[in-house]
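Secondary and tertiary structure notes
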Amino acid sequence: MTARALETAGIATVVIGSALDILQRAGTPRIVFNDLPLGNPVGKPFDSTMQNESLSAALNLLYTAQSPGAVQQLPNQWSASEGWRDNFMAITPHNREQLLLLGEESRRQRLLNREQGLFRP
Amino acid sequence: MIRYIERTKAYYRAQGFEQDYQWAMNVETPFSRPARPLKSARITLVTTAVVEPSIPKPIRTAKSYAFSDAPADFDTAELSWDKITTHTNDRESYFPLQALNARVAAGEIGSLAPRFHFIPTEYSQRHTRNEDAPLITEHCLTDAVDLAILIPL
């Protein structure tokens, strides 16, 4: 949404991100997509080659995109194994109870925040 | 490719939340071409990584900071990223300031803007749309920014 506001004001934007479905749904003007675990959209930690390639792609897309919604997917991989894809927000028979507790705690905290005035009007 | 919307919905349902989060959806997309060639353009960064963790998450709002005040390590503990697989100990992996500075020094990019910008990951689309995004846009216009790279964790 911030990219959209900037573009409307005449500032060209590019998002470097790893959650393509969310970015596309939001109507993001230009996207450089790294299919990596969430947390390091520019590239693997301490892999300056990968990070520099992502930055080059972003700078390039700013100037080459011809229409809104342009996506450039980079070929970067996290590892030879694809196992990491199962980790994020995994729901397993072992963590079901823990997730419910997490939800209860989160709802309790939200109420507490409201009572204490910790919310944006 | 991971379908994050589906996965997030399932995850929060498993936590007992009854209503799914409504992800922002827009059909039309605004689009501006860069006002200047890269060699003379002024660039900035927009991040969701937290500069001031002392401000409680529910009341964090968008804020702009001098690049010289960028923390060596932002606080990312409260953000939703893959904490099993990776880490955020390398700032360049989500806030490539050194890489940008190198390109400015090499003459590839005109200049770095005086400020970068923090946008909180907000549950409320209204806060982002009506308050945070307009504030950051105003600051970017003040700073005569031509290009913005946004990097949500």
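Structure shown above.
This section reports on the structure supplied with the text. Note that the structure is predicted; figures quoted are calculated from it, not measured. (Residues numbered from 1 in each chain as written. Chains lettered and ligands numbered in written order. Predicted model: local features only at pLDDT ≥ 70, side-chain atom pairs only at ≥ 80, totals over all residues. Heavy atoms only, no water.)

Moving on: the overall build of chain B. When helices and strands are counted, chain B shows three helices and five strands. Listing each helix as α and each strand as β along chain B from the N terminus yields α-β-β-α-β-β-α-β. Within chain B, the proportion of its 153 residues that are buried is 51%. A sequence separation of at least 24 residues applies to 71% of the contacts in chain B between residues at least 6 apart. Accessible area for chain B stands at about 7400 Å²; split by element, carbon and sulfur atoms hold 51% of it. The positive charge centre, built from 17 side chains, and the negative charge centre, built from 19, are 4 Å apart in chain B. (Helix = DSSP H or I, 4+ residues; strand = E, 2+ residues; numbered from the N terminus. Buried < 20%, exposed > 50% of the residue type's maximum accessible area, 1.4 Å probe, protein only. Contact = heavy atoms within 4.5 Å. Areas by Shrake-Rupley, 256 points an atom, 1.4 Å probe, with all protein chains shown as cover. Lys, Arg positive; Asp, Glu negative; His and termini not counted. Charge placed at Lys NZ, Arg CZ, Asp CG, Glu CD.)

Okay, the interface of chain B and chain A next. Contact residues are listed per partner, giving 78 residues for chain B and 75 residues for chain A. Summed over both partners, the interface of chain B with chain A comes to about 6800 Å²; 63% of that surface belongs to carbon and sulfur atoms. Interface area lost by chain B to chain A is led by Tyr4, Phe31 and Leu150 of chain B, which between them contribute 10%. The interface formed by chain B and chain A contains three salt bridges. (Buried area = accessible area lost by both parts, 1.4 Å probe. Salt bridge = Lys/Arg side-chain N within 4 Å of Asp/Glu carboxyl O.)

A few words on the nonpolar core. Counting residues in each nonpolar core, the largest one holds 53 residues, and the members touching the most others are Phe95, Phe116 and Ile149 of chain B. When residues of this core are traced back to their parent elements, those giving at least two are strand E1 (12-17) and helix H3 (48-64) of chain A together with helix H1 (4-14), strand E1 (42-47), helix H2 (97-105), strand E4 (115-118) and strand E5 (147-151) of chain B. Broken down by element, the residue count for this core peaks at seven residues, all from H3 of chain A. Of all hydrophobic cores here, the second largest spans 17 residues; its members include Leu6 of chain A together with Ala113, Ile119 and Cys140 of chain B. (Core = buried A, V, L, I, M, F, W, Y, C linked by side-chain atoms within 4.5 Å.)

Looking at the element boundaries, Ile2 of chain B is found in the segment before H1. Accessibility expressed as a relative area gives 3% for Ile2 of chain B, which makes it buried. Residues Ile2 of chain B and Ala106 of chain B, 104 residues apart in the sequence, show an inter-C-alpha distance of 37 Å. Not counting residues within four places of it along the chain, the set of residues in contact with Ile2 of chain B comprises Asp21, Trp84 and Arg85 of chain A together with Arg7 of chain B.

To continue, consider the side chain of Arg103 of chain B. Looking at where Arg103 of chain B falls in the secondary structure, it is placed in helix H2. Using a relative accessible area of 9% as the deciding quantity, one classes Arg103 of chain B as buried. At 2.9 Å, the side chain of Arg103 of chain B forms a polar contact with the side chain of Ser56 of chain A. What Arg103 of chain B contacts, discounting residues up to four positions off in sequence, is Asn52, Leu55, Ser56 and Leu59 of chain A together with Glu108 and Ile109 of chain B. (Polar contact = N/O pair within 3.5 Å; in protein donor to acceptor, adjacent residues only side chain to side chain.)

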